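Descriptive structure summary
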Amino acid sequence: MHGRPRKALKPEDEAASSAKAEKLRSLQAQFLANHQNSIYSKEALDLSAKLLEINPECYTAWNYRKLAVQHILSNSDSDPQSIFSDELKLVENALRKNFKSYGAWHHRKWVLSKGHSSIDKEMRLLNDFQKEDPRNFHAWNHRRFVAGLMERSEEDELKYTEKVIGANFSNYSAWHNRSVLLSNLLKREAEGYFPKEKVLEEEFQHVHNAIFTDPDDQSGWFYHLWLIDQTVKNEAPLLVSSWPSHGSSITIIGDNGLRGCGLSLLNGTQSDSGTLPIILYFNQAVKGINSSTVAIESELLTKELVWKPLAMNNSSTAQVWVVYLDLGNMELQQSKTYSVEINIGHSSGILSSNGNHYGDPSQISFEVFVQTANTEPTEGQGGKRTTWNDTNFQKIDHFQELDSIFTADQNHHIPKSLDWCTEEIVKEITNFRDLLSEYDCKIGKLTLARLLTALDMLSSQHDGRKSNTEEVLQLYTDLMKLDPTHSLYYKDERSLISLKQITSTRDSLLPYCHYHKDATETFTGHVCLRLQNLSLSRMGSIENLLWVQMLDLSHNELQSIEGLEAMQLLSCLNLSHNKFGSFTALGPLRLLKSLKVLNISYNELGSHSIDTTRYLCSSPVAHTEEFAWDRFETLTGSVNATNFWEAFLLFGSLALTELNISGNAVADENFRSFLVKVLPTLKWLDDEELS
């Protein structure tokens, strides 16, 4: 069992184990010879059966049996029913040896799918198996398969599940099966399972019997978590944020010819890309974002636009989508305001990964104002070096641009929320406060934190009641002390809540917004969001940060920046003094087209071994990268550059002008020389100007 220490074997047991291992090796050698030579004689089949009865985990032997059955049936007049019956008996013997053998269960499913076996007999046998081990998830998974072959109703299966739970509610597999069955019944609005609210109310009462009887048993708690999710989640995909936000005004700064124009976004930086990103951020991953489902109307539109999913796995489904208006080659008129109107979902085609249609056709309108450039190039473009000291920042008393951002986002694309959801969550909070007043348990505190978070999410949409954030933060702090084994999880959850608290309103975000000054005390025009020294271990609330161009996340505990790829305006980023252990953890940076300044000093890069075998072939199973071997070998020359592969993938797609990697184990002279080659745009490395 999990967590139990191994005991040293006695001499006699060790000798018996060695003899058993030698016998198994001999059987495997004979079996592999038969398999390699496609020998399917009775003797060969008996030998494979003997091997599987000793070691049911031998996948190759199960696959050999499949090939043997197919060979025998295609080359003789053998009775299929008899052959498949023998296979089922073999699987049964193997399962008695190891009831949790994946290979045995998969082989049994394969045999039954051929249609020559009694499904009724299989269900009776399965009932006997489940009496021996009613919590075995393999058996429950197989039961769903067999019930499907029998065309047994989900209602009947739900009754069976309830019977098993009634006998012993400490059965996670049975609760899970109940959630699977109920999901299907609710989705198709089966008779007696509609409306959803009535069913969920009954389920909450049902699971309370288990939780309040034995609060230390986790089975019911997990089902309760599923019920919370069913109560608050929106099945249909919705747009939760965008950049530019609805009603905002963007200023473009360029030279007299307006070539290679830059962006002045919230008094921000100049960019040499000449593109204006439009970002759509949904509540879940979607596909089908294209010119048909998202229509853009503007004088700035000179050609058909191609929407791109911001996903690290090259998927066509993503939570965040972006398109770029190419303004660099346009003859824009000075002091003119251009209108842009975006219509989303008025034509069908936007779907979630579960097949649900976009449920909120909506519109975003914003303006683009053209202004003549009259400023010198700022950092990141060959000017002064970017510094991140406290003296380089000045707090902002009033940041007018935030008003338009939060006004737009708080009244834009808000899904319709049922009062029932809020009432049910409030009832659950009351129930679990009562439980915790009598019985102090870790999972009870965790559930209360989740309920309060769900209530805040629902309340922010329609009734504006007081936030429970402080209590939730304290609950996670307490849990880190009470349950140190899972402290990293609690710390991540606490980080998400902290970021939600900081970014949810204009007033909460303003204290973290600073004007940036260079080394000569000159304001650069950047507005920096400073989220340093907050003990953050995970990023979140990115939907509220799409406008940010300069971000300071230094002196935290981050090991990943998943989600940061949505911040397409980001040009300056400070990730120093965190816990990044590999360049792979920085992968989202590859999708940030505007990134010019990056500080990743004093992390753990190079301190941990990396798996370099994944770059040896372009296998979709191993990774999603196409590795440019020719360029890599040219850049590294004769240097043994195995540890440079991840860095090459990251920096090879960036156009940085400033980079700081000092304080990392990887940062030796060879690596610095490699970076200068892979980043031809680089002008500053580790605070030193390159010649």
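Residues numbered from 1 in each chain as written. Predicted model: local features only at pLDDT ≥ 70, side-chain atom pairs only at ≥ 80, totals over all residues. Heavy atoms only, no water.

**Side note on the state of the cysteines**
- Per the counting criterion, the structure on display carries zero disulfides.
- Considering cysteine sulfurs only, C572 is the nearest to C528, which forms no disulfide, with 8.2 Å between them. (Disulfide = S-S within 2.5 Å.)

**Digging into the packing of aromatic side chains**
- All chains considered together, the criterion is met by 21 aromatic pairs.
- Summarising the aromatic geometry, the rings of W221 and F432 are spaced 5.3 Å apart at their centres and angled 45° between planes, so their arrangement reads as tilted. You can see W221 sitting in helix α11 (residues 219-232) and its partner F432 sitting in helix α13 (residues 419-438), a full 211 residues away along the chain. Taken as a pair, W221 and F432 share a single burial class, namely buried.
- Both rings, one in F583 and one in F651, keep their centres 5.6 Å apart while their planes meet at 70°; by these two values the pair is edge-to-face. One end of the pair, F583, is in the loop between β15 (572-574) and β16 (597-599); the other, F651, is in helix α19 (residues 645-651), and 68 residues separate them in sequence. (Phe/Tyr/Trp six-rings, centres within 6.5 Å; stacked < 30°, edge-to-face > 60°. Helix = DSSP H or I, 4+ residues; strand = E, 2+ residues; numbered from the N terminus. Buried < 20%, exposed > 50% of the residue type's maximum accessible area, 1.4 Å probe, protein only.)

**A look at the side chain of N664**
- Along the chain, the position of N664 falls in the loop between β17 (658-660) and α20 (669-678).
- Looking at N664, its side chain comes within polar contact range of the main-chain oxygen of I600, at 2.9 Å.
- For N664, the contacting residues outside a window of four places in its chain are I600, S601, Y602, N603, E604 and L605. (Polar contact = N/O pair within 3.5 Å; in protein donor to acceptor, adjacent residues only side chain to side chain. Contact = heavy atoms within 4.5 Å.)

**So, the pattern of salt bridges**
- Throughout the structure, instances matching the rule amount to 30 salt bridges.
- E157 is paired through a salt bridge with R152; the nearest N and O atoms lie 2.3 Å apart.
- What you see here is one network of salt bridges that share partners, running through K196, D229, K233 and E235. (Salt bridge = Lys/Arg side-chain N within 4 Å of Asp/Glu carboxyl O.)

**Section: the environment of K89**
- Note on placement: K89 falls in helix α4 (residues 80-97).
- As a C-alpha pair, K89 and R108 span 19 residues in sequence and 9.5 Å in three-dimensional space.

**Examining the side chain of R108**
- Checked against the element boundaries, R108 lands in helix α5 (residues 102-113).
- For R108, a relative accessible area of 4% corresponds to the buried category.
- A distance of 2.6 Å separates polar atoms of two side chains, one belonging to R108 and the other to E122.
- Those residues within four positions of R108 in sequence are excluded, and the remaining contacts are L88, V91, E92, E122, L125 and H142.

**A closer look at the environment of E297**
- Within the secondary structure layout, E297 lies in strand β5 (residues 294-298).
- Along the chain, E297 and I342 lie 45 residues apart, while their C-alpha atoms are 6.5 Å from each other.

**Here's the deal with helix α15 (residues 469-482)**
- Over its 14 residues, α15 extends 20 Å from the first C-alpha to the last, a length consistent with the 20 Å expected when each residue adds 1.5 Å.
- Those residues of α15 not exposed but buried are T469, V472, L473, L475, Y476, T477 and L479. (Expected span 1.5 Å × (residues − 1).)

**Looking at the confidence of the model for the protein chain**
- Chain-level statistics for the protein chain give a pLDDT mean of 86 and a share of 84% at 70 or above.
- In this model, residues 377-382 is a region of pLDDT below 50 whose contacts with residues beyond four sequence positions or in other chains number 21 contacts. (pLDDT = per-residue confidence, 0-100.)

**What to know about a nonpolar patch on the surface**
- Taken together, the side chains of Y59, Y102 and F137 present a nonpolar region at the surface, about 320 Å² in accessible area.
- Looking at the element boundaries, Y102 is found in helix α5. (Patch = residues over 30% accessible without salt bridge, like charges linked within 9 Å, V, L, I, M, F, W, Y side chains within 5 Å. Areas by Shrake-Rupley, 256 points an atom, 1.4 Å probe, with all protein chains shown as cover.)

**Digging into the packing of helix α10 (residues 196-213) against α13**
- Between α10 and α13, the least distance of the axes is 12 Å, while the angle of their chain directions is 10°. Taken as axis vectors, α10 and α13 run roughly parallel relative to one another. Contacts from E197, L200, E201, F204, H208, I211 and F212 in α10 reach W420, E424, E428, N431, F432 and L435 in α13.
- Counted by class, the contact of α10 with α13 contains seven nonpolar, two polar and four charged residues. (Axes fitted to C-alpha atoms, helices over the stretch in contact; angles between N-to-C directions. Parallel < 35°, antiparallel > 145°, perpendicular 65-115°, else oblique. Nonpolar A, V, L, I, M, F, W, Y, C, P; charged D, E, K, R; others polar.)

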